[in-house]
Each structure stands twice: as C-alpha cells, then as structure tokens.
Amino acid sequence: MSDADELARRKLLESKGRSFGSSASPNDRAPWAKNILIVTSGKGGVGKSTVAVNVASVFAQRDWKVGLLDADVYGPSVPRMLQVDDERLTWNEQERIVCAENFGMKVMSVGMTTPTPDTPLVWRASVATSALIQLLEDVDWGELDLLVVDMPPGTGDTQLTMAQELRVTAALVVTTPQVISTDDVRRAIKMLQDVHIPIGGIVENLSGFVAPDTGQRYAIFGEGGGKLLAEQYKLPFLGEIPIDMAVRQSSDAGTPIAVSGTAAQKAWYERIADGLLATGRFVQPKL
C-alpha cells in the first residue's frame, strides 16, 4: 500500500469513528470469532478459493460454527462456489447486514453487494479496504468458532489490512509445484513473517494428474514445490491436492467437493484441517 493510500485509509476510518491498527499491534475487529484463518498465496490461479471453501466445509461438517469471508474484492468467486451468487445484501431489525448461508456456513462477499454478478468494482485501495472492514464490523456474523478469510493474490493492500485489523490465528499458504508459483509464494511467506502472522502450513494444489484410462501420473506443473518451500522455511507441509476434474465440476456447480466427493477426495481437505489443528494454535469448541 502506498503512503497516499495508507493516509487515505486512515482518514476514512477516522471519519467513521474507527481507529486503525498496525501489524505489530493489530485491532480485533472480529472478537466474535474464536479463530481466524486466512488462506493466501503470492500468486493468482493456484486454487486458493477452492482450498478455502473446502477447508471451511470440513470444519462446518465437524459442527464448528464457521464463517467464510471472501476478501478478494476484484475477483470474488466464493459466492458461486457456494451457490449464493444470486443473493444480495439484506439487513435485519438491528440494521446489520445478514450473511448468506449454505452448507452449514455463513458467507459474505463483496460480490454480493453489486447490482449483478458481473458488475466490476472499480475501487481505489482505500475504498476497497474500508469495504472489507465494513464486512467485518457491520455484518451479523454471530458467534463463530472459525472465520476463514479467502484472500486475493499478492502481498498488497488487503493482506496488510487484515494483518493490521484482525487477530489472525494462522495463515494457510497455497502454492502449485510450478517454479513461478513458488517464487511468488516465497514473497507471501516473507510478508506474513514481516507482519507477524503465524503460518499454519503450506498446501500444494494441482500437484499432478492421474489419467483415468491408464492410471499413469503426469506432473503437469512440476513436482515437489510445496514440500521444498516447507523445508526451506521450516513450515508444516499439509499435503498435496491432485488435479481432479471433479473438483472443478463441484466448484462450478456450487457444491464443495469436501461435502459431495468420495472419501478419498474429502481426505485431501480433512488432512489440511487436521494439520492446522495439530499446530496447537486453534481453540477448539466444546462439541
């Protein structure tokens, strides 16, 4: 975020009676969430939203009270993945925004604020980050065991805002095996370390394709990139998710594969959830 954008952000918050935090001493704009998981990557197109939706679904199926915030202002995809893309904002009697709900999760996205799903948001950084803060503070999330935040690609305004305004439990970093992807993810890891966000682990998505007719495995995007990153930065490696047509189909249809898939397909995301819990950072609900 440029100095001008940061100054504009602070002035906008102050005009609304809101204080601003820093990455060293962040605000707690989601005190209603026992745990906050941000799903991030330094690169777009790695399947970050797919991972966020399915990991959140795993926790919801374990009877956690789960909320999912789509923080990708310019390319929101979570509403379609959860069949709420036709829903628009409504307010309750307390004049708070009502979450969409599906698959046992509360869902909120900037994509639900536009007149039509294809309306672009042509916003400067200060406006976009202020809107995200509104989706934290002005939405009736209720009491949550876990808030999952699907981050946009990169290491910019939104990432910095979340570090300054949320008490993040851990970050889940998504990469593909491709060298270009791991180069960008290294920058994301360094940023997370610089802004004092603990990293719960690394996931390698699109890690290989097994031909259904021959059973032969093809490393389309290379091999081992996620494990290598985990070793280099001494971070937990939470698993590989192969290229599977059913994952794409379920995402397009708005039904998480972690809900509708086979036991083997569900296990990819269950292992990620278990790995996050194994870090000991998460407060588990009494079920």
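Each remark here, short or long, concerns the structure printed above.
Cut-offs and rules
The residue count restarts for each chain, going from 1 along the sequence in the order it is written. Reporting in this predicted model follows two pLDDT cut-offs: at least 70 for local features of residues, and 80 or more for side-chain atom pairs to be given and counted; totals over whole chains, interfaces and linings ignore these cut-offs and use all residues. The side-chain values count all of the structure's non-hydrogen atoms but skip hydrogen atoms and water molecules. Working definition: helices are DSSP H or I runs of at least four residues, strands are E runs of at least two. Numbering for both runs from the N terminus. Based on C-alpha atoms, the radius of gyration is set beside the globule rule, defined as 2.2 Å times the residue count to the power 0.38. A simple rule labels every residue: compare its accessible area, found with a 1.4 Å probe on the protein chains alone, to the largest value its type can have, and call it buried under 20%, exposed over 50%, or partly exposed in between. Note that accessible areas follow from Shrake-Rupley with a 1.4 Å probe, and for residues the cover is restricted to the protein chains shown. Counting rule applied: Lys, Arg positive; Asp, Glu negative; His and chain ends not counted. Each charge is placed at NZ for Lys, CZ for Arg, CG for Asp and CD for Glu. By convention, a stacked pair of Phe, Tyr or Trp rings (six-membered ring in the case of Trp) has centres within 6.5 Å and planes under 30 degrees apart, an edge-to-face pair has planes over 60 apart, and any other such pair is tilted. All axes here are fitted lines through C-alpha atoms, helices being fitted over the stretch that makes contact, and every angle between N-to-C directions spans 0 to 180 degrees. Orientation labels follow simple angle bins: below 35 degrees gives roughly parallel, above 145 gives roughly antiparallel, 65 to 115 gives roughly perpendicular, and whatever is left gives oblique. Handedness of each helix crossing follows the sense of rotation of the near helix against the far helix: counterclockwise by less than a right angle gives left-handed, clockwise gives right-handed. Two residues qualify as a contact provided that any one of their heavy atoms is within 4.5 Å of a heavy atom in the partner residue. Throughout, the ten residues Ala, Val, Leu, Ile, Met, Phe, Trp, Tyr, Cys and Pro are labelled nonpolar, Asp, Glu, Lys and Arg are labelled charged, and all others, Gly among them, are labelled polar.

*Asks:* What should I look at first to understand the overall build of the chain in this one?
*Replies:* Along the chain, the regular secondary structure elements total 10 helices and 11 strands. Against the 2.2 N^0.38 benchmark of 19 Å for 287 residues, the chain shows a C-alpha radius of gyration of 18 Å, consistent with a compact globule. Taken along its principal axes, the extent of the C-alpha atoms in the chain is 60 × 40 × 40 Å. Burial status across the chain gives 52% buried among its 287 residues. Element-wise, carbon and sulfur atoms account for 51% of the exposed surface of the chain, whose accessible area totals about 12,700 Å². Positive and negative side-chain charges of the chain, numbering 28 and 35 respectively, have mean locations separated by a distance of 4 Å.

*Asks:* Is there a simple way to think about the packing of aromatic side chains in this case?
*Replies:* Aromatic ring pairs are defined here through the distance separating the ring centres and the angle between the ring planes. All told, the structure shown has three aromatic pairs when counted by the stated rule. Relative to Trp141, the ring of Trp32 has its centre 5.6 Å away and its plane inclined at 15°; by these criteria the two rings are stacked. Here Trp32 is found in the loop between helix H1 (3-15) and strand E1 (36-40), whereas its partner Trp141 is found in the loop between strand E6 (139-140) and strand E7 (146-150), with 109 residues between them in sequence. Per residue, the accessibility class of Trp32 equals that of Trp141, and both read buried. Geometrically, the ring pair formed by Phe59 and Trp64 is tilted, given 4.7 Å between the ring centres and 55° between the ring planes.

*Asks:* Can you help me understand the packing of helix H4 (residues 125-137) against helix H5 (residues 157-165) in this one?
*Replies:* Packed helix pairs are characterised by how far apart their axes lie and by the angle those axes make with each other. The N-to-C vectors of H4 and H5 enclose an angle of 40°; their axes lie 10 Å apart at closest approach. On the basis of their axis angle, the class for H4 and H5 is oblique. For the crossing formed where H4 meets H5, the hand is right-handed. Residue-level contacts link Ala125, Thr129, Leu132, Ile133 and Leu136 of H4 to Asp157, Thr158, Thr161, Met162 and Glu165 of H5. Here the residues of the contact of H4 with H5 sort into five nonpolar, three polar and two charged.

Worth remembering: the numbers are spatial, not functional.
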